[in-house]
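The lines below spell out each chain.
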Amino acid sequence: METTSRAVAQAPAEEGGQQLSSARRTVDGYLLAPFPWYGLDEAFTGPRRLMQVGTSADGHVEHGSLGHGDEPSVRNEFVSGSPDDPREKFTVVVTVAASPVRQLADGTGRLEATSVSSAAWLAGVGLLSVTWPMQMDHALRDDWLEQQTETAWVLADDLSGPDWSTLSLPVDGVPTPFHYRESEFGWVLAGSTSQGVHVGAYGRGMSAYGLGFAVVEDITAYA
């Protein structure tokens, strides 16, 4: 799925773990989307924030992310010395417009169809973007990230494979099946909704088993 970032794209993280956030505060990109956004339902009472919007090659909004809980940083050391108790506890929900293969308006090419695998891949890459394995040298992280991104794509392309299990979670109050997997860095899940979008999510420190998803009635509440 070929997409480019808009002005609200997630700012790069600094090595010390602090992320620039000025570009996140605009809601314009989200308001341009012709599909509904999903976030955690009302059972979640913690902080919410805008993260990033992605557009297709012809400029249409295709997907985006909404953050819940702590703001993740790429250097997430574990204060307890164990992945069971990370310093940051967050869930990011990714909404992907369901769309078929289609031609670009200028006739220069075509856009691939989106699917649950698209949501799974975006969620997997999102988790990697805020992950820095403990004791990894700075010079090695780019190579590690490239390798893990390719692995995330392979996994997303095989949702029926042994790396995934099935998890039922409420979406707009209706039990909905999701593909789910865990790793030492956190968890990733992906499924579809009745609203014409696919939903992916990733997180760390918050259990996926107690989550629920719902249409965001007022996206400006995240700004």
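The model shown is predicted, which means the values in this text are computed figures rather than measured ones. (Residues numbered from 1 in each chain as written. Predicted model: local features only at pLDDT ≥ 70, side-chain atom pairs only at ≥ 80, totals over all residues. Heavy atoms only, no water.)

Okay, the overall build of the protein chain next. For the protein chain, the count of helices and strands is three helices and twelve strands. Split into buried and exposed, the 223 residues of the protein chain put 49% on the buried side. Element-wise, carbon and sulfur atoms account for 50% of the exposed surface of the protein chain, whose accessible area totals about 10900 Å². (Helix = DSSP H or I, 4+ residues; strand = E, 2+ residues; numbered from the N terminus. Buried < 20%, exposed > 50% of the residue type's maximum accessible area, 1.4 Å probe, protein only. Areas by Shrake-Rupley, 256 points an atom, 1.4 Å probe, with all protein chains shown as cover.)

What follows concerns the confidence of the model for the protein chain. Summary statistics for the protein chain give a mean pLDDT of 80 and a share of 75% for residues scoring 70 or more. pLDDT under 50 marks residues 1-25. Its contacts with residues more than four places away, or in other chains, come to 66 contacts. Long-range and interchain partners of residues 77-81, a stretch whose pLDDT sits below 50, account for eight contacts in this model, where long-range means more than four residues apart. (pLDDT = per-residue confidence, 0-100. Contact = heavy atoms within 4.5 Å.)

Attention shifts here to the environment of Met51. With respect to the element layout, Met51 can be found in strand S3 (residues 48-56). Separated by 172 residues in the primary sequence, Met51 and Ala223 place their C-alpha atoms 9.3 Å from one another.

The next subject is the packing of aromatic side chains. By the definition in use, this model includes seven aromatic pairs. A centroid spacing of 6.4 Å and a plane angle of 80° characterise the contact between Phe90 and Tyr202, whose relative ring orientation is edge-to-face. Of this pair, Phe90 sits in strand S5 (residues 90-97) while Tyr202 is found in strand S11 (residues 197-204), placing the two residues 112 residues apart along the sequence. Residues Phe90 and Tyr202 agree in their burial class; the two are buried. (Phe/Tyr/Trp six-rings, centres within 6.5 Å; stacked < 30°, edge-to-face > 60°.)

One non-glycine residue, Asp172, lies in positive phi territory at about 55°. Relative to the helices and strands, Asp172 is located in the loop between strand S8 (165-171) and strand S9 (174-183).

Once that is clear, we can look at the pattern of salt bridges. Under the definition given, this model contains one salt bridge. Arg204 is paired through a salt bridge with Glu88; the nearest N and O atoms lie 4.0 Å apart. Of the two residues, Arg204 sits in strand S11 while Glu88 sits in the loop between strand S4 (61-69) and S5, which places them 116 residues apart along the sequence. Note on accessibility: Arg204 and Glu88 belong to one class, buried. (Salt bridge = Lys/Arg side-chain N within 4 Å of Asp/Glu carboxyl O.)

Here we take up a negative patch on the surface. Among the surface-exposed residues, Asp142, Asp143, Glu146 and Glu150 lie close enough to one another that they form a single negatively charged patch. Looking at the secondary structure, you find Asp143 in helix H3 (residues 141-156). (Patch = residues over 30% accessible without salt bridge, like charges linked within 9 Å, V, L, I, M, F, W, Y side chains within 5 Å. Lys, Arg positive; Asp, Glu negative; His and termini not counted. Charge placed at Lys NZ, Arg CZ, Asp CG, Glu CD.)

For the pair helix H2 (residues 116-129) and H3, the least separation of the axes is 9 Å and the interaxial angle reads 160°. As summarised for this structure, H2 and H3 are arranged roughly antiparallel, according to the angle between their axes. Two packed elements cross with a definite hand, and for H2 against H3 that hand is right-handed. For the pair H2 and H3, the contacting residues are Ser117, Ala120, Trp121, Gly124, Val125, Leu128 and Ser129 in the first and Arg141, Trp144, Leu145, Gln148, Thr149, Ala152, Trp153 and Ala156 in the second. (Axes fitted to C-alpha atoms, helices over the stretch in contact; angles between N-to-C directions. Parallel < 35°, antiparallel > 145°, perpendicular 65-115°, else oblique. Left-handed = near helix turned anticlockwise from the far one by under 90°.)

This brings us to H3. Given a rise of 1.5 Å per residue, 16 residues ought to cover 22 Å, and the 22 Å separating the end C-alpha atoms of H3 matches this to within 8%. Turning to H3, its buried residues number three or more, namely Arg141, Trp144, Ala152, Leu155 and Ala156. Seen end-on, H3 carries its buried residues on one side only, within an arc spanning 95°. Exposed residues on H3 whose side chains face more than 90 degrees from its buried face are Asp142, Glu146 and Gln147. Buried residues along H3 sit against H2 and S9. (Expected span 1.5 Å × (residues − 1). Arc of directions from axis to C-beta.)

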